[in-house]
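Coordinate inspection notes
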Amino acid sequence: MQKKIMLVDGHSIINRAFYGVPLLSNAEGIYTNGVYGFLNILFKLLDEDKPDYIAVAFDLSAPTFRHEAFKEYKGNRKGMPEELKPQVPLLKEVLDAMGIKRLEKEGYEADDILGTAAKRAEEQGMEPIIVSGDRDLLQLATDKIKIRIPKTKKGGTEIEDYFAKDLIEKIGVTPLEYIDVKALMGDSSDNIPGVPGIGEKTAIKIIQEYHNIENAIANADYIKPSRASANLKAYEEQARQSKYLATICTEVPIEFDWEQYKLDSIMNPRVYELFKQLEFKSFLDRFSMPSESNSLIMNSNLSEGEYRAVGTKEDFEKIVQEIFEAGRFSFIIFSENHKPIGISFCYADIKGIWVEQSEEFTVEELMAVAKPLFESNTVEKIAHNAKDDMHILKHFGITLRNLTFDTMIGGYVLNPTKETYGYDDLSQEFLGQTFPSEEEILGKGKSKKSIMDLEEKDRTKFAAGQAYIIYHSEKQIRKKLKENNQEQLYYEIEHPLIEVLFSMEEYGFKIDTKKLKEYVTELEEKIDILTKEIYDIAGEEFNINSPKQLGVILFEKLMLPMGKKTKTGYSTAAEVLEKLRNKHIIIEKILEYRQLIKLKTTYGDGLFAVVNKDTNKVHSTFNQTITATGRISSTEPNLQNIPIKLEMGRKIRKVFIPSDEDYLLLDADYSQIELRVLAHIAQDETLIHAFRTGEDIHKITASQVFKVPFDEVTPRQRSNAKAVNFGIVYGIGAFSLSQDLNISRKEAEAYIEGYFEKYPNVRKYMDETIKQAREQGYVTTLFGRRRVIPDISSNNFTRRSFGERVAMNTPIQGTAADIIKIAMIKVFNKLKEKNLKSRLILQVHDELLVEVHKDEVDEVKQILKHEMEHAAKLDVPLDVDMHLGKTWFETK
DNA sequence: CCTTTCACG
DNA sequence: ACGTACGTGAAAGGA
């Protein structure tokens, strides 16, 4: 087999790529689209050609051999586009990381180096492949040397290939003749002047007949058209000069040691880091090579770990025995399609084990062997997102006991603003060692692979490596928690909460599916009617759900005045449409349509999609590591945003029912918890006093801010005061308040000033919190929850302002989140301790929902109220309202 | 995949 | 003059 060598013209490809893909830029604002496009082309070519060697040629900035010659003649050669320049060093960095050598020589153009390299390679019996965006290189084509010219098009990259015969076939001249074609027609991008009046067509025709310019000049008299003939004579010297410029030199004095261009492991961890940094996400799945030994995994230096795979019952029993003796271990359950396929363990500091199921050793058998271990009250367990594992284990009749640490929750407590809490992150942050992420090894989305596709030794190190990581990160996280004074937050709030959330998820919320079906049908009927009415009024059918199409109808066809614009076009948000209500009858129809379609799709269809058909229950996932403030979030379904404000939406709460007729729903919500928290942490006497009187807080605020006696506060004043109170909690701004209340900015300012005058310590708190955030870089809640706010020191006004609002709001929202979490744990434990049948089933930020047994109503009411009101001891009372009902709708 | 819209506290 | 409230999740359209 002949060896293939790929020779790439760096500048012309990055140039072509630059314009071929949309603008991308990295964090420093440098465009990356040229590099991205270059790599896109490169990967495509590598996949197709699978060359043995590769090199990329670049021009160095200094004048080159032919360039110098040209300068005497006509001045400076054009450089590359300004906006591309910063990308070239970036590209070189990427190529260096990939171990792809560069061909550069001071004083020579990339074309010349490429030409020389191709000729030498050909002489030595290799197959050279030249990749360039410029057609100049076509002159180098032979029956061995292939020229590949990629064209970036909408549908992807298309590549034109030329051997010598293809050139003759497609253009009609030989490669050598092509130089003369260039000499006649010129090339503005290369600043080859050519001959005026001779373009590509004429040039080809002339060369086809006379084969070179010397011969053409000699026969200039016979050349047609006459303009070409005259110009060729007049610009004879320029034509010869152009030929010199167009001729690629193949005699550059360079020694090529082919072995150093050998194509090796270009997808290495360093490249991975670079791609991640540059956000070249689509290239990341190129890093998993399941068929070969996976270098990413094998190269990760989880220093002392001893990894071993276990595939038989006997072997695993031995391991379980060892783990019992070790007394503590970390574990990770690997699942695919909701079915576990293996478990990895780490124990005795260095032992990493991967146990996998097989036909001989089923997952049921595996679980049975592991059961005593998981259920042991003495052996300590370390997990990462233990709640998930608890669900899996429960399915096999196993109760996880003595969970001593959850590294995911620990990581969240240390920094709640991260997007993910992966094993790779833990390894980097707490062990100072890189480890590939799941996405790197298995990919993601549709093309996600199974870990069973990995070779056994890779699979073992990947799975057991993760257990090793959490085993060792645990100590570091504990240490950090101590340093940060967050031990109480972790051990007394977040850790015990895991079990509470697990129980809520496990128990679920019963749905009256018959009622739900009726509700959806009712909505569908109304939507049908509205749709027809809207089409009628609009005079045509269109997709009402498309803001784009709706915008065209409203603002172009019906010529309604447009309010706001979005990045992409007209805004059709409810806020905008509301202002057009009286302008056209279509508006109210659309608003109602929107409301109903939301209810049908998100709440009707959406709920149906997640109901367990056997039990008619929904089992939401309560995520403990999503929010930046410490709240929990709810998904699939989201039970924290079930409609309540509007009557039509509120009706859906009638389908949320207790699991059987012996039960009722008991709802308890904190009254004004965030304002109470504010009163406490700001230590504002007036505000504290206001809450101690137990009167309506918005009315009190109104009386204070608007300086009227309490009994004379109008409903309008109260409602304005309510908006001010909200604004205060969010980190108020006069503009937003004025928008919200539809008043002038001046008035809004007066309200805020009035508020701060009456509650001076609130202002003091806001100022001090911002100052503290700026000095230490983070803010904290009453229970030590911490949120870093880098934006607070930004030079960018908008970012800084945002940072300041976040600094003011986070301690308030976060402390309220802490308090209700404490209440949840206390309620959960009380119900358990007293062996009651009632269950906590839902939390909605300031509200707890309990499914209460009919015999336990009074007792549970008392527990719920007491535990919630005494969850934290503030300088203001915590007040809880409770409601009992047969459906969630009734508990209002 | 990103944007728009809208549901909740 | 800047560009506007804090925290979430789901569905749909349209690249």
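No experiment lies behind these values; they were computed from the predicted model shown.

A few words on the overall build of chain A. The helix and strand inventory of chain A stands at 35 helices and 23 strands. Dimensions of chain A, computed from C-alpha atoms along their principal axes, come out at roughly 110 × 80 × 55 Å. Evaluated residue by residue, chain A yields a buried proportion of 53% over its 892 residues. Across chain A, every contact between residues at least 6 apart in sequence was considered, and the portion connecting residues at least 24 apart equals 67%. Of the roughly 41200 Å² that chain A leaves accessible, carbon and sulfur atoms contribute 48%.

What follows covers the sheet that holds strand β12 (residues 403-406). In a beta sheet, neighbouring strands pair by backbone hydrogen bonds and run either parallel or antiparallel. Ordered by their spatial adjacency, six strands build an open sheet running β7-β10-β9-β8-β11-β12, and the pairing between neighbours is mixed. Bordering the open sheet on either side are β7 (306-310) and β12, each of which pairs with just one other strand. Adjacent strand axes in the sheet meet at a mean angle of 25° when their direction is disregarded. Examined bridge by bridge, strand β8 (residues 328-336) and strand β11 (residues 380-383) share three bridges and lie parallel to one another. Residue pairing across strands places Ser330 opposite Ile382, the latter belonging to β11. The strands touched by helix α15 (residues 363-375) within the sheet are β8, β9 (339-347), β10 (351-356) and β11, with β9 carrying the most contacts at an inclination of about 40°.

To continue, consider the pattern of salt bridges. Tallying each qualifying case throughout the model produces 46 salt bridges. A salt bridge links Asp315 to Arg308; the shortest N-O distance between them is 3.0 Å. A relative accessible area of 16% places Asp315 in the buried class. A salt bridge links Glu494 to Lys821; the nearest nitrogen and oxygen atoms lie 2.6 Å apart. With Glu494 in helix α21 (residues 487-507) and Lys821 in helix α34 (residues 797-833), the pair connects residues that are 327 residues apart, well separated along the chain.

As a matter of local geometry, DNA strand B sits amid 22 residues, with Thr572, Ala574, Lys598, Ile644 and Asp846 nearest to it. Taken together, the sugar and phosphate atoms account for 83% of what DNA strand B places within 4 Å of the protein. One nitrogen or oxygen atom from the main chain of Lys567 is found 3.4 Å from a phosphate oxygen belonging to DNA strand B. The backbone of Ala574 places a nitrogen or oxygen atom 2.7 Å from a phosphate oxygen of DNA strand B.

Evaluated as defined, the whole model comprises two cavities of 30 Å³ or more. Approximately 30 Å³ is the volume found for the second largest cavity. Broken down by class, the residue content of the lining of the second largest cavity amounts to six nonpolar, three polar and no charged.

Looking now at the pairing of strand β4 (residues 127-131). Most of β4 sits out of view: four of its five residues are buried. Pairing geometry for strand β1 (residues 4-9) and β4, over five bridges, is parallel. Considered in β4, the bridge of Val8 is made with Val131.

It is worth spelling out the protein's contact with DNA strand C at this point. Around DNA strand C, a shell composed of 34 residues is seen, among which Ser546, Ser633, Glu636, Asp740 and Arg787 lie nearest. Close to the protein, within 4 Å, the atoms of DNA strand C belong to sugar or phosphate groups at a rate of 65%. Note that a phosphate oxygen of DNA strand C is positioned 2.9 Å from one of the backbone N or O atoms of Ala628. Within the side chain of Asn638, a nitrogen or oxygen atom sits 2.9 Å from a sugar or linking oxygen of DNA strand C. Of all the secondary structure elements, the ones that give two or more residues to the surface near DNA strand C are α23 (547-557), α25 (585-610), β16 (633-635), α30 (715-730), α31 (734-741) and α34. Element by element, the count of residues in the surface near DNA strand C is highest for α34, at seven residues.

Two elements in contact, helix α14 (residues 313-326) and α15, have axes separated by 10 Å at closest approach and are oriented at 10°. Put simply, α14 runs roughly parallel to α15. Residues Lys313, Phe316, Glu317, Val320, Ile323 and Phe324 of α14 form the contact with α15, whose participating residues are Leu366, Val369, Ala370, Pro372 and Leu373. For the contact of α14 with α15, a count of residues per class yields nine nonpolar, no polar and two charged.

The gaps of empty space that remain are located by a probe, the size of a water molecule, rolled over the atoms. As a volume, the second largest pocket reaches approximately 1700 Å³. Taken together, 44 residues form the lining of the second largest pocket, with Ile644, Lys645, Arg653, Phe726 and Asp846 sitting closest to its centre. Among the secondary structure elements, those contributing two or more residues to the lining of the second largest pocket are α25, α26 (647-650), β18 (663-670), α27 (673-682), α30, α34 and β23 (880-885). When residues of the lining of the second largest pocket are assigned to their parent elements, the largest contribution, five residues, is made by α30. When its residues are assigned to classes, the lining of the second largest pocket shows 17 nonpolar, twelve polar and 15 charged.

A surface patch of negative charge is lined by Asp660, Glu661, Asp662 and Asp855. Turning to its location among the elements, Glu661 is positioned in the loop between β17 (656-657) and β18. Relative accessible area serves as the criterion here: at 63%, Glu661 is assigned to the exposed category.

Turning our eyes to something else, we now look at the nonpolar core. Among the nonpolar cores identified, the biggest contains 188 residues, and Phe316, Phe345 and Leu678 are the most heavily contacted of them. Sort the elements by how many residues they give to this core and α34 lands first, with 14 residues. Both domain 3 (305-484) and domain 4 (674-812) contribute no fewer than three residues apiece to this core. Ignoring sequence-local partners within four residues, the contact set of Phe316 consists of Val310, Phe345, Val355, Phe361, Leu366, Val369 and Ala370. Membership of the second largest hydrophobic core comes to 52 residues, among which are Ile145, Ile149, Ala228 and Tyr261.

Using the criterion set out here, one finds 25 aromatic pairs in the structure. Grouping aromatic residues by their ring pairs yields a cluster made of Phe316, Phe329, Phe331, Phe345, Phe361 and Phe374. A cation sits over an aromatic face here: Arg328 above Tyr471, 5.3 Å from the ring centre. Over the ring of Tyr507 we find Lys617, and its NZ or CZ is 3.9 Å from the ring centre.

For the rest of this paragraph, the subject is the pairing of β8. Where burial is concerned, most of β8 is hidden: seven out of the nine residues are buried. In the sheet, β8 pairs with β9 via eight bridges, with the strands oriented antiparallel. Its bridge partner being in β9, Ser335 is matched across the sheet by Pro340. Hairpin geometry of β8 and β9 is characterised by an intervening segment of two residues between the two adjacent antiparallel strands and by a positive phi of about 50° at Asn337.

This part covers the UniProt feature "domain: 3'-5' exonuclease" (unreviewed entry) in chain A. Listed under "domain: 3'-5' exonuclease" (unreviewed entry) in the UniProt record, and renumbered for this structure, are residues 307-482. As annotated, residues 307-482 comprises 49% helix and 20% strand, and the C-alpha atoms at either end are separated by 31 Å.

This part is about the sheet that holds strand β14 (residues 617-618). Here we have three strands laid out as an open sheet, ordered β14-β13-β17, and antiparallel in their pairing. Because the sheet does not close on itself, it has two edges, and the strands there are β14 and β17. Relative to β14, strand β13 (residues 509-511) runs antiparallel, the two sharing two bridges. Looking across to β14, one finds that Lys510 is bridged to Lys617.

Take the side chain of Thr887 next. With respect to the element layout, Thr887 can be found in the segment after β23. A distance of 3.1 Å separates the side chain of Thr887 from the backbone nitrogen of Phe889, its partner in a polar contact. Ignoring anything within four residues of it in the chain, the contact list for Thr887 reads Arg653, Lys654, Phe656, Ile657 and Leu665.

Two elements in contact, α30 and helix α32 (residues 745-758), have axes whose closest approach is 11 Å; the angle formed by their N-to-C orientations is 75°. The angle between α30 and α32 falls in the class roughly perpendicular. In contact with Asn720, Val724, Asn725 and Ile728 of α30, α32 contributes Tyr751, Tyr755 and Phe756. Residue classes in the contact of α30 with α32 are distributed as five nonpolar, two polar and no charged.

A few words on the UniProt feature "domain: DNA-directed DNA polymerase family A palm" (unreviewed entry) in chain A. Annotation from UniProt places "domain: DNA-directed DNA polymerase family A palm" (unreviewed entry) at residues 649-856. Across residues 649-856, helical content stands at 59% and strand content at 13%; the span's end C-alpha atoms are separated by 31 Å.

The rules we used
- Residues numbered from 1 in each chain as written.
- Chains lettered and ligands numbered in written order.
- Predicted model: local features only at pLDDT ≥ 70, side-chain atom pairs only at ≥ 80, totals over all residues.
- Heavy atoms only, no water.
- Helix = DSSP H or I, 4+ residues; strand = E, 2+ residues; numbered from the N terminus.
- Buried < 20%, exposed > 50% of the residue type's maximum accessible area, 1.4 Å probe, protein only.
- Contact = heavy atoms within 4.5 Å.
- Areas by Shrake-Rupley, 256 points an atom, 1.4 Å probe, with all protein chains shown as cover.
- Pairing = 2+ DSSP bridges.
- Axes fitted to C-alpha atoms, helices over the stretch in contact; angles between N-to-C directions.
- Salt bridge = Lys/Arg side-chain N within 4 Å of Asp/Glu carboxyl O.
- Near = heavy atom within 4 Å.
- Polar contact = N/O pair within 3.5 Å; in protein donor to acceptor, adjacent residues only side chain to side chain.
- 1 Å grid on protein atoms, 1.4 Å probe; cavity = no way out; pocket = protein on both sides within 12 Å on 5 of 7 lines; lining within 4 Å.
- Points joined across faces, edges and corners; volume = space filled by probe spheres on them.
- Nonpolar A, V, L, I, M, F, W, Y, C, P; charged D, E, K, R; others polar.
- Parallel < 35°, antiparallel > 145°, perpendicular 65-115°, else oblique.
- Patch = residues over 30% accessible without salt bridge, like charges linked within 9 Å, V, L, I, M, F, W, Y side chains within 5 Å.
- Lys, Arg positive; Asp, Glu negative; His and termini not counted.
- Charge placed at Lys NZ, Arg CZ, Asp CG, Glu CD.
- Core = buried A, V, L, I, M, F, W, Y, C linked by side-chain atoms within 4.5 Å.
- Domains from an automatic or database assignment.
- Phe/Tyr/Trp six-rings, centres within 6.5 Å; stacked < 30°, edge-to-face > 60°.
- Lys NZ or Arg CZ within 6 Å of the ring centre and 35° of its normal.
- UniProt positions renumbered as here; feature names shortened; annotations may be inferred.

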